[in-house]
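# Reading the structure
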Amino acid sequence: MRTRKLFLLIMLSLTVLLMIPLAGAVYQFVENRADIAKHPAPGKLIDIGGYRLHLLCNGTGSPTAIFE
């Protein structure tokens, strides 16, 4: 009887310890998607040979400055 209770306690503890990081990962994923939807990046995505690059163009005239 005591061995069974100890086994159940250990299994419950392991379950709880595994659920905490999983809950944190799910929360992070959901909130990250919500932040992306609320605050989209300025500019636009352009296709360069199969890759999508973010482009933000501001201003006119010269000299041209490129920040990477």
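Rules used in this analysis
- Counting restarts for each chain, with residues numbered from 1 along the sequence as it is written.
- Note on the predicted model: pLDDT of at least 70 is required for a residue's local features to be given, and 80 or more for side-chain atom pairs to be given and counted; whole-chain, interface and lining totals, by contrast, use all residues.
- To obtain the side-chain values, all non-hydrogen atoms of the structure were included, while hydrogens and water were left out.
- The way it works is that DSSP assigns letters per residue, a run of H or I at least four long becomes a helix, a run of E at least two long becomes a strand, and they are numbered from the N terminus.
- Put simply, the radius of gyration uses C-alpha atoms, and a globule should come to 2.2 Å times the residue count raised to 0.38.
- Only protein chains enter the accessibility calculation, which uses a 1.4 Å probe; a residue is then buried when its area is under 20% of its type maximum, exposed when over 50%, and partly exposed in between.
- The accessible surface values rely on the Shrake-Rupley method and a 1.4 Å probe; as for residues, cover is taken only from the protein chains in view.
- Counting rule for charge: Lys and Arg are taken as positive, Asp and Glu as negative, and neither His nor the chain ends is counted.
- Every charge is mapped to an atom, namely NZ of Lys, CZ of Arg, CG of Asp or CD of Glu.
- Between any two strands, at least two bridges found by DSSP are needed for them to pair.
- Patch definition: residues with relative accessible area over 30% and no salt bridge; like charges joined within 9 Å; nonpolar side chains (Val, Leu, Ile, Met, Phe, Trp, Tyr) joined within 5 Å.
- Salt bridge, as used here, is a side-chain nitrogen of Lys or Arg placed within 4 Å of a carboxyl oxygen of Asp or Glu.
- Across the chain, each position has a pLDDT score giving the predictor's confidence in that residue, from 0 to 100.

## Observations regarding the overall build of the protein
A tally of helices and strands in the protein yields 1 helix and 2 strands. Going from N to C terminus, the protein has its helices and strands arranged as α-β-β. Relative to its length of 68 residues, the protein is extended, with a C-alpha radius of gyration of 25 Å against a globular reference of 11 Å. With the C-alpha coordinates aligned to their principal axes, the bounding extent of the protein is approximately 85 × 25 × 20 Å. Put simply, the protein has 68 residues, and 0% of those count as buried. Accessible surface, the protein: about 7,000 Å² in total, of which carbon and sulfur atoms supply 66%. Across the protein, 7 positive and 4 negative side-chain charges occur, with their mean positions spaced 22 Å apart.

## Quick word on the pairing of strand E1 (residues 44–48)
Pairing of E1 with strand E2 (residues 51–55) involves 5 bridges; the strand directions are antiparallel. Residue pairing for E2: Leu45 is matched across the bridge by His54. In this antiparallel pair of consecutive strands, E1 and E2, the connection spans 2 residues, and Gly49 shows a positive phi of 60°.

## Digging into a nonpolar patch on the surface
A cluster of nonpolar side chains, contributed by Leu6, Phe7, Leu8, Leu9, Ile10, Met11, Leu12, Leu14, Val16, Leu17 and Ile20, occupies part of the molecular surface with about 1,100 Å² of accessible area. With respect to the helices and strands, Ile20 occurs in helix H1 (residues 2–38).

## Describing the confidence of the model for the protein
Of the residues in the protein, 100% have a pLDDT of 70 or more, and the chain-wide mean is 89. Model confidence for the protein, summarised as mean pLDDT per element, is weakest for E2 at 89 and strongest for H1 at 92.

## Digging into unusual backbone geometry
Look at the link from Ser62 to Pro63: it is a cis peptide, with omega at 5°. By the element assignment, Pro63 lies in the segment after E2.

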